[in-house]
Amino acid sequence: MSLASPRVMDDLDQLEAQSIFVLREAYRKLRPLSLLWSLGKDSNVMVWLARKAFMGRVPFPVMHVDTGKKFPEMYAFREEYTKKWNLDLMLGDCPPVEEIDPSLPPAARSAARKTAGLASLIEKHKLRGVIAGIRRDEQATRAKERVFSPRGAGHRWDVRNQPPEFWDQYATPYEDGMHIRVHPLLSWREIDIWRYIERENIPLVDLYFAKNGKRYRSLGDQDITSPIDSNASTLAEVIAELENSKTSERAGRAMDHESEDAFERLRVAGYL
Amino acid sequence: MTTNDLPASLRAAATPIVIVGHVDHGKSTLIGRLLYDTDSLQDGKLAQIVESSRKRGLAVEWSFLLDSLQIERDQGVTVDSTRIPFHLGGREFVIVDAPGHRQFLRNMITGAADAEAAVLVVDALEGAQEQTRRHAMLLRLIGIRHVIVLLNKSDLLDFDQAKIAQAEIDVRDLLGRLEITVEAFVPASARDGDNIASRSERAPWYTGPTLVEALAAVPAPASRLALDFRMPVQDVYRFDDVRYVAGRIERGVIRAGDRIMIGSQGQQATVAEICRWHAPANPVAGAGESIALRLEPDLVPDRGDLLFPAHETGNALIRAARIRTRLFWLRGEPLRVGESFTLRLATAEHDVTVASIDAVVNLDDLTLSAADEVPPDGFAEITLATSHAILFDPFSPGYSDGRGVLVDRFQRIVGGAPLLGAAELPDGTHAIHPTASKVSAGERRALHGHEGAVFWLTGLPGSGKSTIARAAEAELVAQGLRTTVLDGDTLRAGLCSDLGFSPEDRRENIRRAAHVARILAESGQVVIVALVSPLAEDRAQAAQIIGQGFHEVHVDAALELCEQRDPKGLYAAARAGKIPEFTGVSAPYEAPDAPALRLATEDELNGTVLVFRNFVQGVVTR
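Values in this document were obtained by computation on a predicted structure and should not be read as measured data. (Residues numbered from 1 in each chain as written. Chains lettered and ligands numbered in written order. Predicted model: local features only at pLDDT ≥ 70, side-chain atom pairs only at ≥ 80, totals over all residues.)

## Remarks on the overall build of chain B
Heads up, the rule is: Runs of E in the DSSP output that reach at least two residues are strands. Runs of H or I that reach at least four are helices, and both are numbered from the N terminus. Once C-beta atoms are placed from the backbone, each residue is buried if 20 or more other C-beta atoms lie within 10 Å of its own, exposed if 12 or fewer, and partly exposed for counts between those two. In this description, any two residues whose backbone-derived C-beta atoms lie within 7 Å of each other are considered to be in contact.
Across its full length, chain B carries 15 helices and 28 strands. A burial count over chain B gives 45% of its 622 residues as buried. For chain B, long-range pairs separated by at least 24 residues make up 71% of all intrachain contacts whose partners lie at least 6 apart in sequence.

## Side note on the sheet that holds strand 25 (residues 483-487) of chain B
Residues and elements named next belong to chain B. For clarity, the cut-off: Each pair of strands is called paired provided DSSP finds at least two bridges between the two strands. What counts as an axis is a line fitted to C-alpha atoms, over the stretch in contact for a helix, and the angles between N-to-C directions run from 0 to 180 degrees.
The five strands are arranged 25-26-24-27-28 in an open sheet whose pairing can be described as parallel. A single partner strand is all that each edge strand has here, and the edge strands are strand 25 and strand 28 (597-600). Pairwise comparison of adjacent strand axes, ignoring direction, gives a mean angle of 20 degrees for this sheet. Inspection of the sheet shows strand 24 (residues 453-458) paired to strand 26 (residues 526-530) by five bridges, in the parallel sense. Pairing of L457 across the sheet is with A530, part of strand 26.

## Things to note about the interface of chain B and chain A
As a reminder of what qualifies: Under the scheme applied, nonpolar residues are Ala, Val, Leu, Ile, Met, Phe, Trp, Tyr, Cys and Pro; charged residues are Asp, Glu, Lys and Arg; polar residues are all the others, including Gly.
In this assembly, 53 residues from chain B lie in contact with 44 residues from chain A. Considering each element in turn, the side of chain B that touches chain A owes the most residues, four residues, to strand 7 (residues 231-239) of chain B. Split by residue class, the side of chain B that touches chain A holds 24 nonpolar, 16 polar and 13 charged.

## A few points about the domain arrangement of chain B
A common way to express how large an interface is: the accessible area buried when the components associate. Residue and element names in this part refer to chain B. Applicable threshold: Boundary definitions for the domains trace back to an automatic or database domain assignment.
Examined at the domain level, chain B breaks down into domain 1 (3-216), domain 2 (231-309), domain 3 (318-436) and domain 4 (442-620). Placing the centre of domain 2 and that of domain 3 at their C-alpha centroids yields a distance of 29 Å. The interface of domain 2 with domain 3 comprises nine residues on the first partner and seven residues on the second. For the side of domain 2 that touches domain 3, the element with the most residues is strand 7, which contributes three residues. Across the side of domain 2 that touches domain 3, the residue classes tally to three nonpolar, three polar and three charged.

## A short note on helix 5 (residues 130-142) of chain B
All names here are of chain B. Where we set the bar: By this rule the span expected of a helix is its residue count minus one, scaled by 1.5 Å.
Taking 1.5 Å per residue as the helical rise, helix 5 with its 13 residues ought to reach 18 Å, and the 18 Å between its terminal C-alpha atoms agrees with that figure. Most of helix 5 is tucked away: twelve of the 13 residues are buried. Of all the residues in helix 5, the buried ones are Q131, T132, R133, R134, H135, A136, M137, L138, L139, R140, L141 and I142. Phi turns positive one or two residues past the end of helix 5, at G143, with a value near 85 degrees.

## Some words on the pairing of strand 2 (residues 62-66) of chain A
Residues and elements named next belong to chain A. As a reminder of what qualifies: If you view a crossover with the strands going away from you and the path from the first strand over the helix to the second runs clockwise, you call it right-handed.
For strand 2, the tally of buried residues reaches four of five residues, placing the bulk of the element in the interior. With two bridges connecting them, strand 1 (residues 33-36) and strand 2 associate as parallel partners. Bridging across to strand 2, L36 finds its partner in M63. Relative to strand 3 (residues 89-93), strand 2 runs parallel, the two sharing five bridges. Bridging across to strand 3, V65 finds its partner in G92. In this region the chain leaves strand 2, passes through helix 3 (residues 72-84) and returns to the parallel neighbour strand 3; the handedness of that crossover is right-handed.

## Some points on the sheet that holds strand 1 of chain A
All names here are of chain A. An order of 3-2-1-4-6-5 is seen for the six strands of this open sheet, with the pairing classed as mixed. The sheet terminates laterally at strand 3 and strand 5 (148-151), the two strands that pair on one side only. Taking each pair of neighbouring strands and ignoring which way they run, the sheet shows an average axis angle of 30 degrees. Across the face of the sheet, helix 2 (residues 41-53) comes into contact with strand 1, strand 2 and strand 4 (129-131) while running at roughly 140 degrees to strand 1. Packing against the sheet, helix 4 (residues 106-124) makes contact with strand 2, strand 3, strand 4 and strand 6 (179-182), and its axis sits at approximately 125 degrees to strand 3.

## Looking at the packing of helix 1 (residues 11-29) of chain A against helix 2 of chain A
Residues and elements named next belong to chain A. Inclusion rule: Should an angle fall under 35 degrees it is taken as roughly parallel, and over 145 as roughly antiparallel, whereas 65 to 115 is taken as roughly perpendicular and any remaining angle as oblique.
Here helix 1 crosses helix 2 at 75 degrees, and the two axes come no closer than 9 Å. Classified by the interaxial angle, the pair formed by helix 1 and helix 2 is roughly perpendicular. Across the interface between the two elements, E16, S19, I20, L23 and R24 from helix 1 touch L49, A50, K52 and A53 from helix 2. Considered class by class, the residues forming the contact of helix 1 with helix 2 number five nonpolar, one polar and three charged.

## Focus on the environment of I197(A)
Residues and elements named next belong to chain A. Position of I197 relative to the elements: it lies in helix 5 (residues 190-200). For I197 and S218, which are 21 residues apart along the polypeptide, the C-alpha to C-alpha distance reads 15 Å. Apart from the residues within four sequence positions on either side, I197 is in contact with K41, V45, I202, L204 and L235.

## With respect to the domain arrangement of chain A
For chain A, the assigned domains read domain 1 (11-189 + 258-268) and domain 2 (202-256). Summarising the inter-unit geometry, the C-alpha centres of domain 1 of chain A and domain 2 of chain A are found 21 Å apart.

## A word on the nonpolar core
Which entries qualify depends on this criterion: Joined through C-beta atoms within 7 Å, a set of buried Ala, Val, Leu, Ile, Met, Phe, Trp, Tyr and Cys residues constitutes a nonpolar core.
Formed by 160 residues in total, the largest nonpolar core has its most connected members in L35(A), I17(B), A112(B), A118(B), L150(B) and L151(B). When neighbours within four sequence positions are excluded, L150(B) is seen to be in contact with L30(B), V119(B), V121(B), V186(B), A188(B) and L211(B). Grouped together as the second largest cluster of nonpolar side chains are 40 residues, L460(B), A514(B), A517(B) and V532(B) included.

## A look at the pairing of strand 1 (residues 15-21) of chain B
All names here are of chain B. Taking burial as the measure, the seven residues of strand 1 include seven buried ones, the bulk of the element. Side chains T15, I17, I19 and G21 of strand 1 all project onto a buried face; the interleaved residues P16, V18 and V20 project onto the opposite face, where all are buried too. One ladder, built from five bridges, connects strand 1 with strand 3 (residues 91-97); its direction is parallel. What sits directly across from V18, in strand 3, is V96.

See below:
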């Protein structure tokens, strides 16, 4: 008698299995729970992984914090896949930029609108868990993150006093006004995301693919995101491009470069 | 070259390696050097390092590279672990950078626990230091299987074979005592690049591997497929009238049709289907996969139930209610016998109490000795008692078996507990298995609207402790705070009526009061203890028993004033020799050095009560 063998797990299989484990922990331990769906490639992968974890469905609401300044293609994508993926979509508004800390540099100030919009959604729905698609390889500050990252009252991130996290055990402290950011993609790299999109055939906004020698590598608001020079117009070409690149993914995000500490200040105050 | 050349389906996951060692032994320099030698730097980084080194009049200073990768310039130390990818041959690695400062132990564990291999950096001239021993101990407790020792700064010994051999013997002896097998000892200079990626010309006698060769030789993680099946249930879902038992397979293989046992209840079921979404159908799943099972009959396991084969072939699971475990302790306050925690073991949660502290590791010489407590960042062997027998596989480096974690009632992770096995009971002892509450401190706080805490009023007889306590009690209750007073005389009328006033009996009186206060505080009450409690040592014991909810309050009135007040006529009686061992007269009173609050009772009573009441409210409703 010959028995079938388990499939050999490659790097994407391992990342996928770990992310599913994290999403199931969050769903079990943190209610009410919601997933931040920015409409970008990483958060689409996250929705996909949630469907893997929960047999084809997303059993909690997804949130889109709408700055009102996204690309039109992104709004169309949101309409289409909210229906196709049967998502329970919650929309959050952002305050006008005039209400944001004027000491921040202009692009960071604009990005901070999103933080304020997110904070009001969290308060309105009394969320205990917020699933977000950040990755360690994106930015030095994010490299210090935990998979379960407690946010104190006022949603502040205390980078110097984070809980220990090991052996797949995640701390879930709770006090009034606290919530936990859950980061199922923390160990993924940019190229893993693209390879997984290719393997699973996950739909994307086509702004990621080159037209007239330009494409977006990372998508934020229209006014603070710039495209990069590229001729990569297919998934395979994007992957090939990344394999030969040594520049940072967020190079096109203005607020990362305005001043040395702007991004850390944003994150401490609750930015992703 | 990257791993492109391999078929996509066989691309291996990156191998995490952790770099540890004493501060200033050269970890950051090593990482910078490795990234440069393996061509893993981002564009422009090398030019930056060369430029900032030149500005400071230094040769190329490789540790600046980490400065530019991490925001840590403000402190000058690595504040948290971070991960840096690099390529070596056809293989990808991730360097986990862990800090050398001892207060950052929990960050180091966070980074190091997943590592497949460790590089222990030891200054060849200085030899093993305190953090070298601490980190080595931790490598053993978290179960890192492959350890490479880099004898850094070997140029300071002129790469002299005899001197390096001596340095190696010292480190080998240290690691031998920890039962750590070393894969390679590499005499090296990270700054100059000797024996990092290229062979040193200054040590022609050395025939062992360079660091890069030693890393390349680290084997892939051991396969867990051949072991008996284990799946801790993570959750049970019911979607569209189908019940799914979800979890990750920790070891072994499961096939549709297999008979399995569920948890400790001993119920059996057959695997009807292995369910995945948007994945190739396969009636088999192996270790590492996150899957869902349909069972026949359609039983409903609990989260934490361990699924294992109905007929085991390998080492059977251990079933025990008293468990020997190693411990690395991460809480800021020491651990003491009698404390209760939740033991998390994979997805299971068990109530446990520390039954004994069997030995504590002395980090100066790595010997074990008896002790009453485990200090912060300490290592120990302890015995845990559970209220019912639990099932587990003993800890084994490189596997997820027996990886216990202790969680306090605030859901904070306070220690790692690699479970060793069942504990033997000493002859003639009666095993107790205390149970812990299922109600968390947060839930109690939500119920009461405030936290529980103990305010321990100490002071001379007649200083006004009971008066202040009773007045504050009335006012706090009027404000909706659940408050109880444990008053010395009241306790002695009942619970402690068998006790006199000898130092031993006073100590016992305080011990009992402290335990009662702790129980009340854990139930969410505000507890005001009014006890002379004259000796600092006895109050320290009370503080130990009560833990972090203890607040010492000194009711500070001069002896002359107390004696003048003498509300119960006790001073007069003591002076007349009618009361022996009376505090202030014929027994000592040791005032607290640093009470949380000092109440001067020369002031008018209402004012004193107000100060105390405000302090209490501030603490419990912060």
